[in-house]
Amino acid sequence: MPCRTTDELNELVHKAKNYIGGGKVADYIPALAKANPEELSVAIFHDDGTCVSAGDIQQKLTLQSVSKVLTLALALLDYGEEAVFDKVGYEPTGDPFNSIVKLEFSPSKPLNPMINAGALAVTHMIKGNNADDRFRRILSFIQQLAGNSSVGYSKEVAQSEYETSDLNRALCYFLKQHGVIDEDVEELLNVYTKQCAIEMDCLDLARIGCVFAMDGLEPVTNRRLIPVHVARLCKTFMVTCGMYNASGEFAVRVGIPAKSGVSGGIMGSVPNRFGIGILGLH
Ligand SMILES: NC(=O)CC[C@H](N)C(=O)O
């Protein structure tokens, strides 16, 4: 369904472009360094299935850490809250996303599922017969949330991250040493880097945000995709840890559950109203 656009949203995108230059594209994953920092698009997907958008909405981005909320939901569906939070904690860290420092404290399980260590422990839990099967399940769950079976992943970005993921490798070995994970580290990184490379446009992202905003109901069909308590738990993590060490300031200034990713995507969920997908590569 095509989205309409409004003067107000176009004006906001126009104003937001003034901030290009205040940031920089992530280059620790070489394939992400090629991103065009000028691009900015936004979509809002409402609970009645209508949407508005502005900017270059054909543009796609890889989910990167936005995927962590979605795998958390899937792991909770697979195993339930008790088993998941046996491996990963509930607490914000105030540290950057890839920090290893808090793992040194006891207990050495990751403090929350949004930092890389926690997200790796969550991806470890996704059920499947092998790495391909687990990734297929993640992708198909995300396709369902986006209402779009053509959502795929960027092989280039996945490969680029896999080849340069030594910090995540180190986190995995640390987790393995402490019994949080017990699988082959390369298998886990294979699934994780593909999950982070799942690619979509801002409308898909807004529609997923809307499922969480609606406590797990698909906005177009009203079908339940996620149980209420899982959707609420995910939104709580978006508030407390969705922006890592900037989560507190974001909560004060913006005040909605949201999750960022290093490719420049942000997914927001305004409870009972709409989902927001922002693609800004700067
Ligand atoms: N903050 C992010 O988006 C980080 C995700 C990225 N794939 C990583 O693990 O480094």
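Residues numbered from 1 in each chain as written. Predicted model: local features only at pLDDT ≥ 70, side-chain atom pairs only at ≥ 80, totals over all residues. Heavy atoms only, no water.

## Quick look at the pattern of salt bridges
Scanning the model with the defined rule gives 13 salt bridges in all. Across the salt bridge formed by K102 and D95, the nearest N and O atoms sit 2.7 Å from each other. For D95, a relative accessible area of 14% puts it in the buried group. Here D215 and K235 are joined by a salt bridge, their closest N and O atoms 2.7 Å apart. Note that D215 is positioned in the loop between α9 (202-213) and α10 (228-241) and K235 in helix α10, a separation of 20 residues in sequence. The burial state of D215 is the same as that of K235; both residues are buried. (Salt bridge = Lys/Arg side-chain N within 4 Å of Asp/Glu carboxyl O. Buried < 20%, exposed > 50% of the residue type's maximum accessible area, 1.4 Å probe, protein only. Helix = DSSP H or I, 4+ residues; strand = E, 2+ residues; numbered from the N terminus.)

## Describing the site of the ligand
Around the ligand lies a shell formed by Y28, Q64, S65, F97, N116, E161, N168, Y192, C196, Y244, G261 and V262. Here a nitrogen atom of the ligand and a side-chain polar atom of Y244 are 3.2 Å apart. Here an oxygen atom of the ligand and a backbone polar atom of V262 are 2.8 Å apart. Out of a free accessible area of 300 Å², the ligand has 98% covered by protein chains. (Near = heavy atom within 4 Å. Polar contact = N/O pair within 3.5 Å; in protein donor to acceptor, adjacent residues only side chain to side chain. Areas by Shrake-Rupley, 256 points an atom, 1.4 Å probe, with all protein chains shown as cover.)

## Thoughts on the sheet that holds strand β3 (residues 60-62)
Strand order across the open sheet formed by three strands is β3-β5-β4, with antiparallel pairing between neighbours. Two strands bound the open sheet, and with one partner strand each, they are β3 and β4 (152-153). Where β4 lies against strand β5 (residues 198-201), two bridges are found, and the strand directions are antiparallel. The residue of β5 that forms the bridge with G152 is E199. (Pairing = 2+ DSSP bridges.)

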